[in-house]
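# Summary of structural features
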Amino acid sequence: MLSPASIVPVILAGGSGTRLWPVSRDSLPKQFQSLYGTNTLYQDTLKRVSDRSLFSAPIVLTHEDFRFFARRQAQDIGLEATVVLEPTRRDSGPALLAAAMVAQRLAGEGCLVLALAADHVVLDNALFVDACRAAARAASDGHIVTFGITPTEPSTAYGYIRPGATTGTGEASKVEAFVEKPDITTAARYLTEGYLWNSGNFLFPASLLIEEAERFEPEIVAAVREAVELSIEDLGFIRLDAKAFADSPSKSIDYAVMEKTTRAAVVEGKFRWSDIGSWDALRALEPGDAAGNVTHGPVTLLDSTNNYIHTDGPLVATVGVDNLAVVATEDAVLVMPASRAQDVKALVSKLKSDRHNAASEHLKAHRPWGTYQTICRGERFHVKKIVVEPGGRLSLQKHYHRAEHWIVVKGTAEVTLDGRVFEVRENESTYLPLGGVHRLANPGKIPLELIEVQTGSYLGEDDIVRLEDVYNRS
């Protein structure tokens, strides 16, 4: 029988989600956005494992760039999490092994680990918890358990699992085979033969996963173990050792362990699930209107049917179109036949090769202290709106190629300039000359909003020399 808080959730939150471009980009991927419901996908995942009678406080594994998102979004819904930072991406194998070792450090050698992607949607939480309990019993019986999802259609977007004989508990089956994404004819046959979708979520004894990985991938285990042993605490985050982790081969947990081990089992998840790996997957979660259209944001349709239209601001209007996917943000618009949703990743690769900034960066950039957003840009000037959250402090810095004007439109700014500290209030401004050592901070209780006008010969973000930074950015 499971003891209270015997399952340690591990949330993998470091992916980029390029198939949901232009909403999801490298600078702010889909897991930290509200794409379905009011919370972000990451927050929904945290809430899914918030029952402390079954789950302990989660461990979140994410990239350096997203560490403050991970902490802040957990705090916003009243939950705490241990955030572990991957110095570099090495796929899910090293990531899960690092998480298993950290879980053992925090919860003991015999702990069970529930590994979940941060960007999946689960619509039936009670059924999800039931599946976790069944998987925990099978894991306690010596299995690495994956969650297989009952298919609703012959999808070509997912890998599949062929279940075999039931295990000792009778609640799980041995995995006979993992199979790659099939063509539509093969997918239809899989449904008739009882195959399950491979959700890519797992529950396992931490010690067993490490033991099996040592058998098949000792080089990965050695590198990850050193990275965990040499990890340090930095502003409350656990930072894995960069050199040791980089020495690990990059390999998914499927290729590293699951397709090789004889200890793999599968529990059938009867809950509604989606990895929302593409725009058509997100569309499938929602019923359309009488004409089959699913819309978000300001949209006007005329004689249009079976379309998915998502806009974050600009009005989208259509006339006489059918079966399109249209996604609009402030700086990019995607238009495609709905059937081509799986090709967005290739499109983003082309945009990156063509060096389009919008391929990776949003118009609004997020920082630990708040946000900034471009309003207007010219050859020798750049106008931004800057928002600094209460208590936020930018780095003490200087620029070699630009001067700046700050005009406060809301709140009170605390400005440091060449050793002098003073306040700038609403409807007031200040000038920062080229080379001046300066800092901006918000000492108030409300967000500070200001307009920044940069002028100079070079206006790139890399013209920042940080002299002191409370967020320990290099």
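Computed from a prediction, not measured in an experiment: that's the story for all the values here.

Moving on, we get to the overall build of the protein. The helix and strand inventory of the protein stands at 11 helices and 30 strands. The C-alpha radius of gyration computed for the protein amounts to 25 Å, which stays within 12% of the reference 23 Å derived for 474 residues, consistent with globular compactness. Dimensions along the principal axes, computed over C-alpha positions, put the protein at roughly 75 × 60 × 40 Å. Taking all 474 residues of the protein together, 51% fall into the buried category. The contacts of the protein with a sequence gap of at least 6 include a subset with a gap of at least 24, amounting to 69%. For the protein, the exposed surface amounts to about 21,000 Å²; the carbon and sulfur share of it is 50%. When the 49 basic and 61 acidic side-chain charges of the protein are each reduced to a single mean position, those positions are 2 Å apart.

Of the strand pairs in this sheet, strand S7 (residues 160-166) and strand S8 (residues 173-179) are connected by five bridges, and their pairing is antiparallel. In the sheet register, Ile-161 faces S8, and the bridge partner there is Phe-178. The antiparallel pairing of S7 with S8 creates a hairpin that spans six residues between the two strands, and Gly-170 there sits at a positive phi of about 80°. Pairing analysis gives two bridges linking S7 to strand S9 (residues 196-205), with the strands arranged antiparallel. Counted as the bridge partner of Ile-161 is Leu-196 from S9.

In this section: the sheet that holds strand S19 (residues 333-337). Pairing is mixed in the open sheet, where four strands are placed in the order S14-S16-S18-S19. With partners counted over all chains shown, the strands left at the sheet margins are strand S14 (294-296) and S19, one partner each. Geometrically, the sheet is characterised by an average inter-axis angle of 5° between neighbouring strands, direction not taken into account.

Attention now goes to the layout of surface pockets. One number sums up the size of the second largest pocket: a volume of about 1,200 Å³. Around the second largest pocket, the lining comprises 46 residues; the ones closest to its centre are Ala-365, His-366, Arg-367, Tyr-372 and Glu-461. Secondary structure elements with two or more residues in the lining of the second largest pocket: helix H2 (67-76), strand S20 (364-367), strand S21 (370-377), strand S22 (381-388), strand S24 (402-410) and strand S29 (448-456). Of the residues assigned to the lining of the second largest pocket, the class counts are 14 nonpolar, 14 polar and 18 charged.

This paragraph deals with empty space enclosed by the protein. Under the criterion given, the structure shown has two cavities of 30 Å³ or more. Estimated volume of the largest cavity: approximately 80 Å³. Around the largest cavity, the lining residues are Arg-48, Leu-116, Ala-117, His-120, Val-122, Phe-128, Phe-147, Ser-199, Asn-201, Phe-271 and Trp-273. Elements supplying a minimum of two residues to the lining of the largest cavity: strand S4 (112-117) and S9. Here the lining of the largest cavity is built from residues that sort into seven nonpolar, three polar and one charged. The calculated volume of the second largest cavity comes to roughly 40 Å³. What lines the second largest cavity is His-399, Arg-402, Ala-403, Glu-404, Leu-432, Pro-433, Leu-434, Gly-435, Gly-436 and His-438. Ranked by residue count, the leading element in the lining of the second largest cavity is S24, at three residues. Tallied by class, residues from the lining of the second largest cavity come to four nonpolar, four polar and two charged.

Moving on, we get to the nonpolar core. Counting residues in hydrophobic clusters, the biggest one holds 67 residues, and the most contacted among them are Phe-32, Tyr-42, Val-60, Leu-114, Phe-128, Leu-203 and Leu-440. The dominant element in this core, judged by the number of residues it contributes, is helix H4 (residues 125-140), at nine residues. With sequence-adjacent residues up to four places away left out, Phe-32 is seen in contact with Ala-13, Thr-40, Tyr-42, Thr-62, Phe-66, Phe-69, Ala-70 and Gln-73. Residues Val-84, Met-101, Ala-227 and Ile-253 belong to the second largest nonpolar core, which totals 44 residues.

Pairing within the open sheet is antiparallel, and its six strands lie in the order S20-S21-S22-S29-S24-S27. Each having just a single partner strand, S20 and strand S27 (429-432) make up the two edges of the open sheet. The sheet shows a mean angle of 20° between the axes of neighbouring strands, direction not considered. Both S20 and S21 contribute to a ladder of four bridges, which runs antiparallel. Looking at the pairing, His-366 lines up with Thr-371 of S21.

Close inspection of predicted coordinates is inappropriate in any region flagged by low pLDDT. When pLDDT is averaged across the protein, the result is 93; 99% of the residues are at 70 or more. Across residues 1-5, confidence stays below pLDDT 50; counting only partners more than four residues off in sequence or on other chains, it has 11 contacts.

For any two helices packed against each other, one specifies the inter-axial angle together with the distance between the axes. Close contact between helix H3 (residues 92-107) and helix H6 (residues 206-216) brings their axes to 9 Å; oriented N to C, the two are set at 135°. In terms of their interaxial angle, H3 and H6 are classed as oblique. The crossing of H3 and H6 is left-handed. Judged by residue contacts, Leu-96, Leu-97, Ala-100, Met-101 and Gln-104 of H3 engage Ala-206, Ser-207, Leu-209, Ile-210 and Ala-213 from H6. For the contact of H3 with H6, the class distribution of residues is eight nonpolar, two polar and no charged.

Criteria and thresholds
- Residues numbered from 1 in each chain as written.
- Predicted model: local features only at pLDDT ≥ 70, side-chain atom pairs only at ≥ 80, totals over all residues.
- Heavy atoms only, no water.
- Helix = DSSP H or I, 4+ residues; strand = E, 2+ residues; numbered from the N terminus.
- Rg over C-alpha atoms; globule rule 2.2 N^0.38 Å.
- Buried < 20%, exposed > 50% of the residue type's maximum accessible area, 1.4 Å probe, protein only.
- Contact = heavy atoms within 4.5 Å.
- Areas by Shrake-Rupley, 256 points an atom, 1.4 Å probe, with all protein chains shown as cover.
- Lys, Arg positive; Asp, Glu negative; His and termini not counted.
- Charge placed at Lys NZ, Arg CZ, Asp CG, Glu CD.
- Pairing = 2+ DSSP bridges.
- Axes fitted to C-alpha atoms, helices over the stretch in contact; angles between N-to-C directions.
- 1 Å grid on protein atoms, 1.4 Å probe; cavity = no way out; pocket = protein on both sides within 12 Å on 5 of 7 lines; lining within 4 Å.
- Points joined across faces, edges and corners; volume = space filled by probe spheres on them.
- Nonpolar A, V, L, I, M, F, W, Y, C, P; charged D, E, K, R; others polar.
- Core = buried A, V, L, I, M, F, W, Y, C linked by side-chain atoms within 4.5 Å.
- pLDDT = per-residue confidence, 0-100.
- Parallel < 35°, antiparallel > 145°, perpendicular 65-115°, else oblique.
- Left-handed = near helix turned anticlockwise from the far one by under 90°.

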